[in-house]
Every structure is written in structure tokens, then in C-alpha cells.
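# Descriptive analysis of the structure
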Amino acid sequence: MYGWQLAEQLQRVGLISSIGTLYPTLTRLRERGAIRATESRQGVGPVRKYYALTAEGEAELEHFRNDWTQFAHQVSVILAKEQP
Amino acid sequence: MNDSPSNLPVSAYLHDLDAQLVRVPEPVASQVREGIAEELQSLSPAVARQRMEQLGDPAQIANEARRDSAVTEESPSPGPRLRAYIAVTASLIAVGGILVPVLGWVAGIVMLWFSHAWRPLEKIIATVAPLLFASVALVWQYVAVTSPMPSVSNSHGDLGFHGPTVSDFAGITPLLPPTWLFVALCVLNVAIAVWILRIGLIRSSR
């Protein structure tokens, strides 16, 4: 995906407020080696910078996914107990 | 970029964005600019206008990029980078002037002044001490060379005035620093470099 596509998706679900928030995050992920950027042209469109997960990024995502599932489950259990 | 009249609003928007991104650190500023430019420039003028409305005020985009970049910069430990900066600064002050006469030392002093690793007084001392020492030494050297030499009586009983002759000045050029001054300056700069290196490293480890 390229920057604009990422920004649109993240804005749609309310995770970022504008495209200005996206690039600091992408910079952080690139510095960590979690993503890579490649410039390419698709079809007749302009040359764009596309971002993709690296192998490290994939592993990190998988790790996060597991942690998040567990965390969300625990929070759900706690909230369920608090209900009268 | 194509600055045709139909593209003028995009140019104006990007120009405004560039001005607003000045205070955003690199590489984030370039990436924001590239990301927005590649999108806007791929669209027809009418669609591009809609996109610009969707993007909003360039000042707002820049503010958010700057705020999130500040978080990015503070998150990793600045230690290794700061220590490397301190080491390079000290090295330039110590031997920069030997490797690249004058300019090497000036580069070290500029780096010194641009860093928060040292206090203003330390910067002033590191900058002024070598200059003051060189100035005093050159003046002293100049006065010593140009002042009249005392007359000396010779073995033949000639008590007439004998001022300095051309041979008395052989190897001494009052306007050029003599070797001893060059060596003394090098020693002084090395001492200052060790001092600022020590101060910088102690502060960076806190």
C-alpha cells in the first residue's frame, strides 16, 4: 500500500487524525526494520512509494496479534464481571 | 512538477505545505511532502481540489507531524548518537585544525555551539582560549622581533651602535606563527578537547 491508501484506511477507522500523523509512525517502523519502502509505478499511474512489512515486521505483527487477543480477552472477562 | 495553470492550486498547496514543514524534522518532513505530492499530482485538477479539502490545512498536517516526530525522537535512547557527536566534536577540536588548517577546528567549534551537551561558559572557554593564546603569543612574538636589539661591544673595542642585521631575522617571520606557537596551540586544543569530551560523556551518561 502507498501512503495515501494507508492514511485513508487508518483515518476511516479513527486511528489517525490526518496524514501528518502517519509518516512519523512509518519512519519509526522503518527505523525498527519492521517495514520497507519501495518506489514503483503501477499501470499508468505515477511513481509511488509503497510500504510493505519485512520478515521482522511480519513476526512482530504475529506477536502483537497474539498479545492483543489475550489482552482483549482478559479485559472482556474483567468487564463482564463488573456488570450487575 | 507541472506548474500549468490548471495545476496552480496544487502548486500553491504544496508550497504552503513546504513552508509549514520547515519545523518538522527529517526524514518525516520529506516523507509527508512526497506522500501528499505523489497523490495530488496523480489526480485531475478537480479531483485534486477535493483531495486538498480532504487533507485540510497544511499547518495542521505539519503540527501533527511535528508532534508525533517529537515522540519518535524522544523514544529511543539518544545516548549512542549523542556520544558519537561528542566524540566527533572533540576530535575536530583536537586535530581538525591540523588535518584541514583552521577550517577543521572551526567545524569542531561550530558543532560545539550547536549542541546542548555543553554549557555556554564551557563553549566560550573552548572557543576563546586558543584564540586568546594565539593572539597574545603572536603580539609577544612580533614585539620581541621588532624591538631594537641591545648593542654589543666587540672584541676590538668598538663601542658603536649595532642594531639588528638581516641575519638576526633569519628564519623569523613576524606575521607567520612560529613552530613553537603551532605546537603549543595543538597541545592547548588537545587539552580542551579532552576536557569537553570528559564533560560531554559524563552528561550524556546521566
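The following paragraphs examine the structure supplied in this document. What you see is a predicted model, and the numbers here were worked out from it, not measured in a lab.

Let us now look at the nonpolar core. Among the nonpolar cores identified, the biggest contains 19 residues, and Ile19 of chain A together with Val24, Val32, Ile61 and Ala65 of chain B are the most heavily contacted of them. Broken down by secondary-structure element, the contributors of at least two residues to this core are α2 (19-31) of chain A together with α1 (8-20), α2 (28-40), α3 (45-55) and α4 (58-74) of chain B. Ranked by residues supplied to this core, first place goes to α2 of chain B with five residues. Setting aside residues no more than four positions away along its own chain, Ala65 of chain B makes contact with Gly20, Tyr23 and Pro24 of chain A together with Val24, Val28 and Val32 of chain B. Ile93, Ala94, Ile192 and Ala193 of chain B belong to the second largest nonpolar core, which has 12 residues in total.

What follows is about α2 of chain B. With 13 residues, α2 of chain B extends 18 Å between its outermost C-alpha atoms, agreeing within 8% with the 18 Å of an ideal straight helix rising 1.5 Å per residue. Of the positions making up α2 of chain B, those classed as buried are Val28, Ala29, Gln31, Val32, Gly35, Ile36, Glu39 and Leu40 of chain B.

This paragraph deals with the interface of chain A and chain B. Residue-level contacts link 17 residues of chain A with 21 residues of chain B. Elements supplying a minimum of two residues to the side of chain A that touches chain B: α1 (3-12), α2 and β2 (47-53) of chain A. A breakdown of the residues in the side of chain A that touches chain B according to their chemical character gives six nonpolar, eight polar and three charged.

Conventions and cut-offs
Residues numbered from 1 in each chain as written. Chains lettered and ligands numbered in written order. Predicted model: local features only at pLDDT ≥ 70, side-chain atom pairs only at ≥ 80, totals over all residues. Core = buried A, V, L, I, M, F, W, Y, C linked by C-beta atoms within 7 Å. Buried ≥ 20, exposed ≤ 12 C-beta atoms within 10 Å, placed from the backbone. Helix = DSSP H or I, 4+ residues; strand = E, 2+ residues; numbered from the N terminus. Contact = placed C-beta atoms within 7 Å. Expected span 1.5 Å × (residues − 1). Nonpolar A, V, L, I, M, F, W, Y, C, P; charged D, E, K, R; others polar.

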